[in-house]
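Each chain, written out:
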Amino acid sequence: MPAKDNRIDARDWSLLAVLSVLWGGSFFFNGAALREVPPLTLVFLRVALGAAILLPLLRAQGIGLPKGMAGWKPFFAIGLFNNVIPFSLIVIGQTFIPSGLASILNATTPLFTVIVMAAASEEELQMRRLAGVALGLLGVIILRGWGIETRPGQGLGILLCLGGALSYGFAALAARRLLKDSPPLGTATFQLIASTIMMAIVAGVMEQPWRLPMPGLTTWLAVLGLAALSTALAYIVFFQILRRSGATNVMLVTLLIPVTAILLGWLVLAEPISMREIAGAIVIGSALLAIDGRAFGLLRRVE
């Protein structure tokens, strides 16, 4: 269960870093796949393949499927708010705005989560945490830059991505209330199965994917990366952190995603890092320390 002081231990900080890499890749995979696959069909493939990848692991662990509608109901609720709504809104939003701007808007998720959890009386609204999240969002804007291209439908794209971030906040609340005792692997698999059923209906009605031409190899590789890394593996890590450190803390990953993306570009692609990016990373690091709170405790002891 989450710590009562809302702090994150060293293990979960490392898991957050891993999750930021896995989820950060989703913006790249989305951008590549959207060239040949319409958005709702892409979301359907993402959740369906993710569920297919996790099912053998579920059997190997001896975890049984939920029984009856009562057993499946929580996972349909989580799947709706954690997959169907945000994935659809964000991927449609990315057809109007660049991936970099989408990742900045995605970084508002912790802010929405803090507000949703406090409004539902699940977590105390601490000004330290609220200010820390706002500071982290400022750091993301500094790091990524605020150069916004003027595109048709850009305002709609921004609203769609913000709607996805808000949906993640409600997903964290639902998971906190409905899935306290569910193992992370089971939770990840069952919500993806439920999401597959819902997205099959939505994509089937809206886009009729069986009429689409067969995508190329590059697109299929992007879809597979999206399903295996940014969905199946990512959700196992996500629900592990959620159980241990709480809903607001796990959503801090969206602040880390732009930092890890830039570090990976530097390490793997030898891309240069600018002073603006360094400044943004420092601001984000300071925000995470403020949200965690232990740094203030150490300072008080020193005094």
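Just so it is clear, the model here is predicted, and its values are computed rather than measured. (Residues numbered from 1 in each chain as written. Predicted model: local features only at pLDDT ≥ 70, side-chain atom pairs only at ≥ 80, totals over all residues. Heavy atoms only, no water.)

Caption draft 1: Highlighting the packing of aromatic side chains. Summed over the entire model, instances satisfying the criterion amount to twelve aromatic pairs. Between Phe 81 and Phe 170 the ring centres are 6.2 Å apart and the planes differ by 40°, which places this aromatic pair in the tilted class. Placement of Phe 81 in helix α3 (residues 68–93) and of Phe 170 in helix α7 (residues 154–178) is noted, with a sequence separation of 89 residues between them. The exposure class of Phe 81 is partly exposed, given its relative accessible area of 28%. What makes Phe 170 partly exposed here is its relative accessible area of 36%. When the ring of Tyr 235 is compared with that of Phe 238, the centres are 5.7 Å apart and the planes differ by 90°; the resulting orientation is edge-to-face. Of the two residues, Tyr 235 and Phe 238 both sit in helix α9 (residues 217–245), three residues apart, roughly one turn of that helix. The exposure class assigned to Tyr 235 is buried, which follows from its relative accessible area of 0%. Of the residues examined, Phe 238 reaches a relative accessible area of 1% and is grouped as buried. (Phe/Tyr/Trp six-rings, centres within 6.5 Å; stacked < 30°, edge-to-face > 60°. Helix = DSSP H or I, 4+ residues; strand = E, 2+ residues; numbered from the N terminus. Buried < 20%, exposed > 50% of the residue type's maximum accessible area, 1.4 Å probe, protein only.)

Caption draft 2: Region of interest: the confidence of the model for the protein chain. When pLDDT is averaged along the protein chain, the result is 82; 87% of the residues meet or exceed 70. For residues 1–5, every residue scores under 50 in pLDDT, and the model assigns this stretch ten contacts once sequence neighbours within four places are set aside. Contacts for the low-pLDDT stretch residues 298–303, under 50 throughout, to residues beyond four places or in other chains number zero contacts. (pLDDT = per-residue confidence, 0-100. Contact = heavy atoms within 4.5 Å.)

Caption draft 3: Main features of the layout of surface pockets. A volume near 170 Å³ is recorded for the second largest pocket. In terms of residue count, the dominant contributor to the lining of the second largest pocket is helix α2 (residues 39–60) (three residues). When grouped by side-chain class, the residues that make up the lining of the second largest pocket number ten nonpolar, one polar and one charged. (1 Å grid on protein atoms, 1.4 Å probe; cavity = no way out; pocket = protein on both sides within 12 Å on 5 of 7 lines; lining within 4 Å. Points joined across faces, edges and corners; volume = space filled by probe spheres on them. Nonpolar A, V, L, I, M, F, W, Y, C, P; charged D, E, K, R; others polar.)

Caption draft 4: Fine view of unusual backbone geometry. Even without glycine at this site, Gln 208 takes up a positive phi of about 45°. Tracing the sequence through the fold places Gln 208 in the loop between α8 (184–206) and α9.

Caption draft 5: Quick look at the nonpolar core. Ranked by size, the top nonpolar core spans 77 residues in total, and within it Leu 19, Trp 23, Leu 42, Tyr 235, Phe 238 and Phe 239 carry the most contacts. A total of eleven residues in this core trace back to one element, the largest contributor, which is α9. Contact partners of Leu 42, with chain neighbours within four places excluded, come to Asn 30, Ala 33, Leu 34, Val 37, Val 91, Val 223 and Leu 226. (Core = buried A, V, L, I, M, F, W, Y, C linked by side-chain atoms within 4.5 Å.)

Caption draft 6: Fine view of a nonpolar patch on the surface. A contiguous nonpolar patch, built from Leu 263, Trp 266, Leu 267, Ile 273, Met 275, Ile 278 and Ile 282 and spanning about 710 Å² of accessible area, is present on the exposed surface. Along the chain, Ile 282 falls in helix α12 (residues 275–292). Taking relative accessible area as the criterion, Ile 282 reaches 53% and is therefore assigned exposed. (Patch = residues over 30% accessible without salt bridge, like charges linked within 9 Å, V, L, I, M, F, W, Y side chains within 5 Å. Areas by Shrake-Rupley, 256 points an atom, 1.4 Å probe, with all protein chains shown as cover. Salt bridge = Lys/Arg side-chain N within 4 Å of Asp/Glu carboxyl O.)

Caption draft 7: Representation of the side chain of Thr 231 in the model. When you line up the elements, Thr 231 lands in helix α9. A polar atom in the side chain of Thr 231 sits 2.6 Å from the side chain of Arg 46. Excluding anything up to four places from it in sequence, Thr 231 contacts Arg 46, Leu 192 and Leu 226. (Polar contact = N/O pair within 3.5 Å; in protein donor to acceptor, adjacent residues only side chain to side chain.)

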